[in-house]
Amino acid sequence: MFDINKIRTDFPILNRKVHGKPLVYLDNGATSQTPQVVIDAIVDYYTGYNANIHRGVHTLSQEATDKYEEARIKIQKHFNAKQSYEIILTSGTTHSINIVASGFGAILKEGDEIIVSALEHHSNIVPWQMLCEKTGAVLKVIPMNEDGSLQMGMYHELLNNKTKLVFCNHVSNALGVINPVEEIIHAAHKFGAYVLIDGAQACPHIKPDVQELDVDFYVASAHKMCGPTGVGMLYGKEELLNMLPPYQGGGEMIETVTFEKTTYAGLPHKFEAGTPNICGGIAFGVAVDYMNEVGFDAIATQEDKLLAYATNELEKIEGLKIYGTSRKTSVISFNLEGIHPYDIGAILDKLGIAVRTGHHCAQPIMDFFCIPGTVRASFTFYNTLEEVDALVAAVKKAKMMLS
Ligand code: 7TS
């Protein structure tokens, strides 16, 4: 049973005040808050068995290694990867994307084509531009519609035998719209192109099944899923991870080293050079357990309720425009006519309400709408209808003060 009051007690930070007002945290798209079980896992690690992994014969190192590898298996099961070594633990989505982009630097040729969507976060644009500069490949863009959906007809037209890679986010961070990733993957595969889906904004709301999606690469960050910052994952199909060269050289990722020649370790270690974020990886596993205990059906029900109520109430405010109206997760990106989003965000903060303002690292979307940015309220399962009321009242107040 989903009990919102009980859920909220899991998150100690929700008790704090900001500028003397109860915190209303609506910036979950930037990072989610951390439940006590995850905080406890971090404290347990540093107080109980802090040690380096995969190398020590001693007890602490064995314990840390076991917990870290258990976390990998939890993450494997969560995403339904076939093998645990298809899960590479990284520092986050950005790192995961760069591993794949850099790897394809050794594979792509001049004239090959890469398709990205118009809805991408900068971390799913810039690495591919760098890859194009290096290889002479050409970047093509799936355009978007006014409602924030992708022009899928144009996508099908862009695909051809020169298309080697397609990149798209599962859910847009700036607008919250859910992209038709099944169709994107299926169509790309008909041309033999590989697909990377950026799940950073989807995974807090949806439980993706990488085998059912038949996706080639899927990436996510723990800190948007109730886990800590500085850790994330790259899922890749075994044969594709084997095909890509390592991203970084160093300890852990080798089998043998001589000054003449080094041979690389197998998966997943080939992509995990150096001492990883051991505590973060373990806590990521605990966060995944926590989200599954809350349950993704319950999460969706609560978030749908918040989204519908907030949309309805905000739309009543004259001069308020919501960007991205096609099927979406619990994100509302909006502006008040004639008022800069930053000014609204600053007043909301004074009232204890945390939202993000600006271009949300998705400048092409802002250019499409000819705006400098938006105010983004991103809700999650621990938010309440009362918090929506607080947001709506604060936006009205901001409008009054700034008009
Ligand atoms: N991809 C998407 C879709 C994202 O939303 C983000 C972060 C990233 C990639 C990068 O993730 P990182 O964990 O490597 O930084 N998005 C946001 C946001 O919307 N507000 O702050 C960070």
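Just so we're clear, the structure is a prediction, and the values are computed from it rather than from any experiment. (Residues numbered from 1 in each chain as written. Predicted model: local features only at pLDDT ≥ 70, side-chain atom pairs only at ≥ 80, totals over all residues. Heavy atoms only, no water.)

**Q** If you had to explain the packing of aromatic side chains to someone new, which residues and values would you point to?
**A** Under the defined criterion, the tally for this structure stands at twelve aromatic pairs. Each ring, one from Phe11 and one from Tyr290, has its centre 5.8 Å from the other, and the planes form 80 degrees; the classification is edge-to-face. Residue Phe11 is located in the loop between helix 1 (4-9) and strand 1 (17-18), and its partner Tyr290 is located in helix 10 (residues 278-294); the two are separated by 279 residues in the primary sequence. Look at Tyr290 and you get buried, because its relative accessible area is 6%. Among the aromatic side chains, those forming a connected cluster through ring pairs are Phe11, Tyr290, Phe381 and Tyr382. (Phe/Tyr/Trp six-rings, centres within 6.5 Å; stacked < 30°, edge-to-face > 60°. Helix = DSSP H or I, 4+ residues; strand = E, 2+ residues; numbered from the N terminus. Buried < 20%, exposed > 50% of the residue type's maximum accessible area, 1.4 Å probe, protein only.)

**Q** I'd like a rundown of the packing of helix 2 (residues 36-49) against helix 10, residues and numbers included.
**A** Here helix 2 crosses helix 10 at 145 degrees, and the two axes come no closer than 9 Å. The element helix 2 and its partner helix 10 pack so that their crossing is right-handed. Side by side, helix 2 and helix 10 meet where Val37, Val38, Ala41, Ile42, Tyr45, Tyr46 and Tyr49 of the first sit next to Ile278, Cys279, Ile282, Ala283, Val286, Ala287 and Tyr290 of the second. Taken together, the residues that form the contact of helix 2 with helix 10 break down as 14 nonpolar, no polar and no charged. (Axes fitted to C-alpha atoms, helices over the stretch in contact; angles between N-to-C directions. Left-handed = near helix turned anticlockwise from the far one by under 90°. Contact = heavy atoms within 4.5 Å. Nonpolar A, V, L, I, M, F, W, Y, C, P; charged D, E, K, R; others polar.)

**Q** Explain helix 12 (residues 341-350) to me, using residue names and the numbers behind them.
**A** Three or more residues of helix 12 are buried, namely Pro341, Ile344, Gly345, Ile347 and Leu348. Along the axis of helix 12, the buried residues cluster in a sector spanning 165 degrees; they form a single face. Facing away from the buried surface of helix 12 by more than 90 degrees, the exposed residues are Tyr342 and Lys350. Among the structural elements, strand 14 (331-336), strand 15 (353-354), strand 16 (356-358), strand 17 (374-378) and helix 14 (385-402) are those in contact with the buried residues of helix 12. Where helix 12 terminates, the next one or two residues include Gly352, which has phi positive at roughly 85 degrees. (Arc of directions from axis to C-beta.)

**Q** Please set out the domain arrangement of the protein chain residue by residue, giving values where relevant.
**A** The domains assigned to the protein chain are domain 1 (4-30 + 295-402) and domain 2 (39-292). Distance from the C-alpha centre of domain 1 to the C-alpha centre of domain 2: 28 Å. Counting from both sides, the interface comprises 34 residues of domain 1 and, opposite them, 34 residues of domain 2. Both faces considered, domain 1 and domain 2 share a buried interface measuring about 2,700 Å² in area, 60% of it formed by carbon and sulfur atoms. (Domains from an automatic or database assignment. Buried area = accessible area lost by both parts, 1.4 Å probe.)

**Q** Which residues make up empty space enclosed by the protein, and what are the values?
**A** Across all of its chains, the model carries one cavity of 30 Å³ or more by this definition. Within this model, the largest cavity holds a volume of roughly 90 Å³. Surrounding the largest cavity, 14 residues form its lining, Asn28, Pro204, His205, Lys224 and Thr380 being those nearest its centre. Partitioned by chemical class, the residues of the lining of the largest cavity number six nonpolar, seven polar and one charged. (1 Å grid on protein atoms, 1.4 Å probe; cavity = no way out; pocket = protein on both sides within 12 Å on 5 of 7 lines; lining within 4 Å. Points joined across faces, edges and corners; volume = space filled by probe spheres on them.)

**Q** So what about the site of the ligand? Which residues, and what values?
**A** Taken together, 15 residues lie around the ligand, and Thr94, Asp198, Ser221, Arg356 and Arg376 are the ones closest in. Within the side chain of Arg356, one N or O atom sits 2.5 Å away from a nitrogen atom of the ligand. Arg376 places a side-chain nitrogen or oxygen 2.7 Å from an oxygen atom of the ligand. Computed on the free molecule, the ligand has an accessible area of 490 Å², of which 87% lies beneath the protein chains in the complex. Per-class residue counts for the shell around the ligand are two nonpolar, nine polar and four charged. (Near = heavy atom within 4 Å. Polar contact = N/O pair within 3.5 Å; in protein donor to acceptor, adjacent residues only side chain to side chain. Areas by Shrake-Rupley, 256 points an atom, 1.4 Å probe, with all protein chains shown as cover.)

**Q** Describe helix 5 (residues 126-135), with residues and values.
**A** Inspection of helix 5 places Pro127, Trp128, Leu131, Cys132 and Thr135 among the buried residues, and these make up the whole buried set. Around the axis of helix 5, the buried residues are gathered within 140 degrees of arc, so they sit on the same side. Summarising the geometry of helix 5, the exposed residues directed more than 90 degrees from the buried face are Met130 and Glu133. Looking at the buried residues of helix 5, the elements they touch are helix 4 (93-104), strand 5 (113-117), strand 6 (138-142), strand 7 (163-169) and strand 8 (194-198). Phi turns positive one or two residues past the end of helix 5, at Gly136, with a value near 85 degrees.

**Q** So what's going on with the pattern of salt bridges? Residues and values would help.
**A** Side chains that carry opposite charge are capable of pairing whenever their charged atoms lie near each other. The tally for this structure, following the rule as stated, stands at eleven salt bridges. Where Asp289 meets Lys74, a salt bridge forms, and the shortest distance between an N and an O atom there is 2.9 Å. With Asp289 in helix 10 and Lys74 in helix 3 (residues 59-79), this pair connects stretches of sequence that are 215 residues apart. In this structure, Glu113 and Lys162 form a salt bridge, with 3.6 Å as the shortest nitrogen-oxygen distance. Remark: Lys162 occurs in the loop between helix 6 (152-158) and strand 7 and Glu113 occurs in strand 5; sequence separation between them is 49 residues. The exposure class assigned to Glu113 is buried, which follows from its relative accessible area of 7%. Taking the relative accessible area as the measure of exposure, Lys162 reaches 45% and is therefore partly exposed. One continuous salt-bridge network, built from bridges that share partners, spans Glu69, Arg72 and Glu272. (Salt bridge = Lys/Arg side-chain N within 4 Å of Asp/Glu carboxyl O.)

**Q** Explain the packing of helix 11 (residues 296-315) against helix 14 to me, and be specific about the residues and the numbers.
**A** At a minimum axis distance of 10 Å, the contact between helix 11 and helix 14 shows a crossing angle of 25 degrees. With respect to helix 14, the element helix 11 is oriented roughly parallel. As helix 11 runs across helix 14, the sense of the crossing is right-handed. Facing helix 11, whose interface residues are Lys305, Leu306, Tyr309, Ala310, Glu313 and Leu314, helix 14 presents Leu385, Val388, Asp389, Leu391, Val392 and Val395. Its residues placed into classes, the contact of helix 11 with helix 14 shows nine nonpolar, no polar and three charged. (Parallel < 35°, antiparallel > 145°, perpendicular 65-115°, else oblique.)

**Q** Describe the nonpolar core, listing the residues and the values that go with them.
**A** Ranked by internal contacts, the top residues of the largest apolar core, which has 77 residues, are Tyr155, Tyr218 and Phe381. By residue number, the principal contributor to this core is helix 10, which donates eleven residues. Shared between two domains, this core holds at least three residues of each, these being domain 1 (4-30 + 295-402) and domain 2 (39-292). Not counting chain neighbours up to four residues away, the residues in contact with Tyr155 comprise Ile115, Ile142, Val166, Glu183, Ile184, Ala187 and Ala188. Ranked by size, the runner-up nonpolar core spans 27 residues in total, among them Leu306, Leu314, Ile332 and Val395. (Core = buried A, V, L, I, M, F, W, Y, C linked by side-chain atoms within 4.5 Å.)

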